[in-house]
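Geometric and topological summary
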Amino acid sequence: MADDRRMTADRFYGGVSNRLQNLRSMLAHVRDESPTRNQLNQWIIENTRAGSSDAVSHHLTFLESIRFIELSDTGCELDTYGQRWLKDQKPGTLYEALSSGVKGFDTILEALQDGSMTDEDIMGLLVGEFDEAQMSTPGPAIRHREWLQVLGFVEREDGVNRLTPEGRELLETKTETGSMWTPPEGLSIGDRLSKDEIEEAFDTGFGYQISGINPRRDDDDQRYVLMFANEDGPYDDTVIRGQFEYIGEGLSGDQSESSPGNSVLIDAVSSDIPIHFFYQQSGNREWEYQGLVDVLAYETEERGGREVLVFTMEHQREAHHGTDEPTQEVVETERTRLENATDSEPQLTDEETYTEARRRARDTAFSELVRQAYDKTCAICGSSRETPNGNPEVEAAHIYPKQERGADDVRNGIALCKLHHWAFDTGWLAISDEYEILVKEAPDRNGYHEFKRLEDDKISLPDEEQAEPHPMFLTEHRQRHGFNDD
């Protein structure tokens, strides 16, 4: 996918010891006074060691690019991350703002896990990782490192940079499952809440109004999302049940994959990020809590003369009001039906209408059969990772997609890890009739070279021949993503 983040960071006034204090004071001034851009420039010159107005403007433009402030000739305001950080003062919030707007921060921290690095080493790392990182001196790399020092994630001694315990903890929380999979205590699906009640329940703030996609972090600095849709906007009540489409953030111009809200939903395709969903009916001032939703896939479409991101979302099982989990007996019945179906010619789509209970039992049976057929191992990379509780990461993917009524046939299923499930669903990868991996020719997109290494490798197949992917489904998947035209 396209990565529109900038390659270089910028400093703010102050050293490692007082930069955050200067930044907090400036944000508080913006919050309390809403100064014009020229007034804000003058305030910084008078309250820091800033020199020229041009230099100050350069630093402020950087803060605007990471959603800390909104600059205006009539009155500057706090933006999303500025509001959050001024309220919670958490290093993770500022880090999220930096990494969402600038490339390389995650890359540096992950490399420092393996050992200490000089600034020159960091420069070489960024140049090697990013084609656009044109550096002849380590200056840009130093600005990255300084921010990591300011936040306490990196320490520097005798010209050598090392990861701190706080930096290691940050990396661990970035890879763990979020801790807010369940609603906060006292909040249940179907509850109707005012803006103030939502803020109290999640201990967060929305500024002047709540709308759209709101990335947040909990007390353990783990990511989650509060997502809103209202009937007066582009959504009717079809968004409160089953699968639905959700339009990304950005009300004018082409929507960007790197904006904070859109990027976190894109990350949620392949990562476990809890997304709490609220819906507001026309004429009602309260928001109804709809529970947790998953992001299945996304694509860019032209709508109304601009490019928008369309996310395919699905309510998790908790959101089915008044419906219990299917019994094991019902799941076994559906499992037997799916196993017997492999004795017949496959059908591309499933046109039968199911009750909600049977639909859920069928989903469970399909997932169990596919993951069992592949021994809970990704058919593409061979990974078989598990959570600390022993739950497998691998997922049962439909080859011809479920949102197009793709059949719940084991031959239309393949077990994939989260990354390769996302890559398969979005058209990075396809599979030939000879079970060789095909890779989309998109060398200008981030991720291409990683996926290109897989090309012509053969996928791992189930031991049982009747569970192997059927050529009909593989052909339709290739056709859907343009591989037959390459």
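Provided above is the structure to which this section pertains.
Definitions and limits used
Residues numbered from 1 in each chain as written. Predicted model: local features only at pLDDT ≥ 70, side-chain atom pairs only at ≥ 80, totals over all residues. Heavy atoms only, no water. Helix = DSSP H or I, 4+ residues; strand = E, 2+ residues; numbered from the N terminus. Buried < 20%, exposed > 50% of the residue type's maximum accessible area, 1.4 Å probe, protein only. Contact = heavy atoms within 4.5 Å. Areas by Shrake-Rupley, 256 points an atom, 1.4 Å probe, with all protein chains shown as cover. Arc of directions from axis to C-beta. Pairing = 2+ DSSP bridges.

Right, let's talk about the overall build of the chain for a bit. Along the chain, the regular secondary structure elements total 16 helices and 15 strands. Each of the 486 residues in the chain was classed as buried or not, and the buried ones make up 49%. Across the chain, contacts joining residues at least 24 apart in sequence account for 63% of those joining residues at least 6 apart. With the model as given, the accessible surface of the chain reaches about 23,400 Å², and the carbon-plus-sulfur share is 41%.

For Asp79, the location among the structural elements is in the loop between β2 (77-78) and α4 (80-88). For Asp79, a relative accessible area of 9% puts it in the buried group. Those residues within four positions of Asp79 in sequence are excluded, and the remaining contacts are Arg67, Phe68, Ile69 and Glu70.

Among the residues making up helix α10 (residues 195-202), those that are buried are Ile198, Glu199 and Phe202. Looking straight down α10, one finds its buried side chains confined to an arc of 100°; they lie on one side. In α10, the exposed positions angled more than 90 degrees off the buried face are occupied by Asp196 and Glu200. Following α10 by one or two positions, Asp203 has its phi on the positive side, about 55°.

For strand β6 (residues 213-217), a buried count of 5 out of 5 residues is recorded, marking the element as mostly surrounded by other parts of the structure. Burial of β6 is two-sided: the residues Ile213, Pro215 and Arg217 facing one way and the residues Asn214 and Arg216 facing the other way are all buried. Strand direction decides the pairing type here: β6 and strand β7 (residues 223-230), joined by 5 bridges, are antiparallel. Paired with Arg217 across the two strands is Arg223, which belongs to β7.

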